[in-house]
Amino acid sequence: MADKKIDSEVSEAQIAVHWKEEGYFKPSEKFKSQANVKDNSIFKRFSMENFPECYKEYADMLDWYEPYTKVLDSSNPPFFKWFTGGKLNASYNCIDRHLEKHRNKTAIHFVPEPEEEAIQHMTYQELYIKVNEFSALLRDFCGVKAGDTVTLHMPMIPEIAVAMLACARLGAIHSQVFSGFSGKACGERVADAKSKVLITADSYYRGGTLIDHKEKADIAYDEALKEGQKIEKILIFERYPGKYSAKTPLVEGRDYLVNDVIKKYYHAKVDPVALASEDSLFIMYTSGSTGKPKGAQHSIGGYLAYVTGTSKYVQDIHPEDVYWCMADIGWITGHSYIIYGPLALAASSVIYEGVPTHPDASRPWRVAEELDVNIFHTSPTAIRALRRIGPDEPTKYNYHFKHMTTVGEPIEPEVWRWYYNIVGKKEASVVDTWWQTETGGFLCSTLPGIHDMKPGSAGPGVPGIYPIIFDEEGNPLPAGSGKAGNICIQNPWPGRMLTIWGDDARFVRQYYQRYNKDPKSKDWHDWPYFAGDGAVEAADGYFRILGRIDDVINVAGHRLGTKELESAALMCQEVGEAAVVPVSDPIKGKIPHIFVSLKPGYTASTELQKKVTDTLAKEIGPFAKPGKVWIVSDMPKTRSGKIMRRILSAIANKQDVGDITTLANPQVVEEIINMP
Ligand code: WT7
């Protein structure tokens, strides 16, 4: 809840590690001499005095059918619109416009997880052909048109890019659900987005196994129907075209293999539809503090301009770079910084199917060597895992990164130094980028050619972003105050979502109500964006992000709502109450522990613990499995009956529980502490 006091309940910020100030690392001369941003003049161009006009620089990196007439329409805060009057198409900007110069250049390197399978290289021309044919199929076989939503539940195979860009070509709003989500979670998102078409795949490799993915489509269909949304057609890409590889059979008249149907659309060309800048490109669901995931609805013009500009200046992408972001395209990082940003800049983008540590901890370094990857992008969780099982492996391979990114969660300075020294061979500039699903692109980061790096700190606001830290009363905490508070962004920016899909009120409440003093104000200055993260600003203006202040756990760089997990656990008939808390983990950063108390008549057992775990995996997805299920006789509660998560969190993290005298049932605390 946005209006929650920071100290009233447990927050990740409270239990965050408290690092000391670190020293600086300088970007290399070699990097600087080739960087897209070589000097500080960019911050003059993007100064507050030049806001919002400064963002023309990003919009002008795109091709427009109709030029925009206004940079920022802020007449109805906080529903800001960017580049209004302008018309464009994202598919055209990521493909067609590159054909003249880069037709035969690789757009996508697809690296299958099984190492014995060849890497596939798809040129911009091939991507163009596939996207046109699949657009024709969507339009003529499925009746998809501009403004319709289409849900994708695609794994990391190249067709995920084809499907997204084909939707974008027609102006259909894609909603990609992370492939690790269960069929049920997918179905709920289909229903929320009201999609009539689901695009999925038969199977994919993960951790050495070919997973039957089609079975999730059947579950998604049932779940969506239960919630009142009928999926008319399910389109299935085959992991091996022409060789259906799932055990789950097809349903006649509903399920279609793309490889069969597409034959009718060979050679088809579909003109990209000219769409308004403020039309929607996609929906991306993310967790919040209520049980229901919210769909961040992103625009075409503002979003694409923002991810293109930040890909150029923060990721330092040039068309000749080979860029590898190891995130999953099912999350925002993959949308912005595997697909839209890099392809808008005509880079070669790598899509890796599987687990970074498969079959061993040097797989990423072999891929980097083979493809000559020079820009590398991943999360602290992956870095920790690679460091733990293969600390010296990077030194054995002949690759050279000029640039590396860490994203999604705070990175410990020790882990940062391994990333810089060993993975980056002291040659690469490292950027620690702080942002969110809702923000479309980076908010805080150093610029790789001009700023010194500081381990554990994201850095200052990126060009045009003016962060501020407020205390609980709304007073700004100045740089160097040493105090943590709530980080906000003072100004609008083009990458920010338009709204929460179907819930404007929740959008305003969650992101703006906290520090808005006048809900009627038409002046954007009165509408700071509330990110929901705790942060401190050092004297040098670098921001260090401490973690979520709401009921959201950041697991391996992705958000899980504690309420989502709790309501899933309550689906076990034995469970009476459930409470989820974040626990520090050496690899994943944070993992959820779940405390449950049972309804009368049931007793604790290891089977029941397993049942709770399995239920979370089934309802949400295997990545949501708790680190531990604690079956307790009762929850520590206040006299008004509120579960004290702060105390549960302290116990699970083996910390001091503090004052418990105000509890209604203090004796239960001792009992839980002494549990095996
Ligand atoms: C939350 C957003 C950003 C895309 C991937 C995750 C945390 C993100 C950092 C960072 C410390 C970070 C924040 C944020 N976070 N980047 N560089 N340092 N924390 O997107 O699932 O929307 O999660 O991830 O807590 O609010 P997301």
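One can find the structure itself at the top, above this paragraph.
So, here is what we can say about the structure in this document.

Conventions adopted
Here, residues in each chain are numbered from 1, in the same order as that chain's written sequence. The model is predicted, so local features are restricted to residues of pLDDT at least 70 and side-chain atom pairs to those at 80 or more, both for listing and for counting; the totals for chains, interfaces and linings are taken over all residues. Side-chain metrics in this entry use all non-hydrogen atoms of the structure; hydrogen atoms and water are not considered. We place a 1 Å grid over just the protein atoms. Points where a 1.4 Å probe fits but has no way out form a cavity, open points with protein on both sides within 12 Å along at least 5 of 7 lines form a pocket, and any residue with an atom within 4 Å of a point lines it. Grid points are joined across faces, edges and corners, and a volume is the space filled by probe spheres set on the points. Secondary structure elements are taken from DSSP: a helix is a run of H or I of four residues or more, a strand is a run of E of two residues or more, and numbering for both begins at the N terminus. Three classes are used, and their members are as follows: Ala, Val, Leu, Ile, Met, Phe, Trp, Tyr, Cys and Pro are nonpolar, Asp, Glu, Lys and Arg are charged, and the others, Gly among them, are polar. When DSSP finds two or more bridges between two strands, those strands count as paired. Fitted lines through C-alpha atoms give the axes, limited to the stretch in contact for helices. The angle between two N-to-C directions lies from 0 to 180 degrees. In these notes the angle categories are as follows: under 35 degrees is roughly parallel, over 145 is roughly antiparallel, 65 to 115 is roughly perpendicular, and the rest is oblique. By definition, any crossing whose near helix is turned counterclockwise from its far helix by less than a right angle is left-handed, and any crossing with a clockwise turn is right-handed. Contacts between residues were defined by any pair of non-hydrogen atoms, one from each residue, lying within 4.5 Å. Exposure is judged per residue with a 1.4 Å probe applied to protein chains only, and the accessible area is read against the type maximum: over 50% gives exposed, under 20% gives buried, and values in between give partly exposed. For this description, a residue counts as near a given molecule or strand if any of its non-hydrogen atoms is within 4 Å of it. Any N or O atom pair separated by 3.5 Å or less is treated as a polar contact, with the protein-specific requirement of one donor-capable and one acceptor-capable atom, and with residues adjacent in sequence counted only for side-chain atom pairs. Here, Shrake-Rupley sampling with a 1.4 Å probe gives the accessible areas, and only protein chains in the shown set may cover a residue.

1. Some details on the layout of surface pockets
Estimates place the volume of the second largest pocket at around 510 Å³. Lining the second largest pocket are 23 residues, and of these K130, E159, F237, P241 and N259 sit closest to its centre. Among the elements of the structure, strand 4 (106–111), strand 5 (120–123), helix 6 (124–142), helix 7 (159–170) and helix 10 (258–261) are those that each provide at least two residues to the lining of the second largest pocket. Among the elements that line the lining of the second largest pocket, the one with the most residues is helix 6, at four residues. When its residues are assigned to classes, the lining of the second largest pocket shows 14 nonpolar, three polar and six charged.

2. A look at the sheet that holds strand 17 (residues 348–352)
Strand order in the open sheet made by the seven strands is 5-4-17-16-18-19-20, with mixed pairing throughout. The open sheet has two edge strands with one neighbour each: strand 5 and strand 20 (429–433). Sheet twist, expressed as the mean angle between neighbouring strand axes with direction ignored, is 20°. Where strand 18 (residues 375–378) lies against strand 19 (residues 403–407), four bridges are found, and the strand directions are parallel. Its bridge partner lying in strand 19, T378 is registered against T406.

3. Observations concerning the packing of helix 8 (residues 183–193) against helix 9 (residues 214–226)
Helix 9 packs onto helix 8 with a crossing angle of 45° between their chain directions and a minimal axis gap of 7 Å. One way to sum up the angle between helix 8 and helix 9 is to call them oblique. Remark: the crossing between helix 8 and helix 9 carries right-handed chirality. Listed contacts from helix 9 to G183, K184, C186, G187, E188, V190 and A191 of helix 8 are K216, I219, A220, E223 and A224.

4. With respect to the pairing of strand 14 (residues 280–286)
Counting buried positions along strand 14 gives seven out of seven residues, so the element sits mostly inside the fold. Here two bridges tie strand 7 (residues 173–176) to strand 14, and the two strands are oriented parallel to one another. Its bridge partner being in strand 14, S175 is matched across the sheet by I283.

5. Describing the sheet that holds strand 22 (residues 485–489)
If you trace the four strands from one edge of the open sheet to the other, you get 21-22-24-25, paired in antiparallel fashion. Because the sheet does not close on itself, it has two edges, and the strands there are strand 21 (467–470) and strand 25 (543–548). Along the sheet, successive strands turn relative to each other by an average axial angle of 45°, direction set aside. Here four bridges tie strand 21 to strand 22, and the two strands are oriented antiparallel to one another. Bridge pairing in strand 22 links I468 to C488.

6. Considerations on the site of the ligand
If you check the shell around the ligand, you find 19 residues, and the closest are D432, T433, T437, D533 and R548. The side chain of R559 places a nitrogen or oxygen atom 2.9 Å from an oxygen atom of the ligand. Taking 560 Å² as the accessible area of the ligand by itself, protein coverage stands at 98%. Its residues assigned to classes, the shell around the ligand shows six nonpolar, eight polar and five charged.

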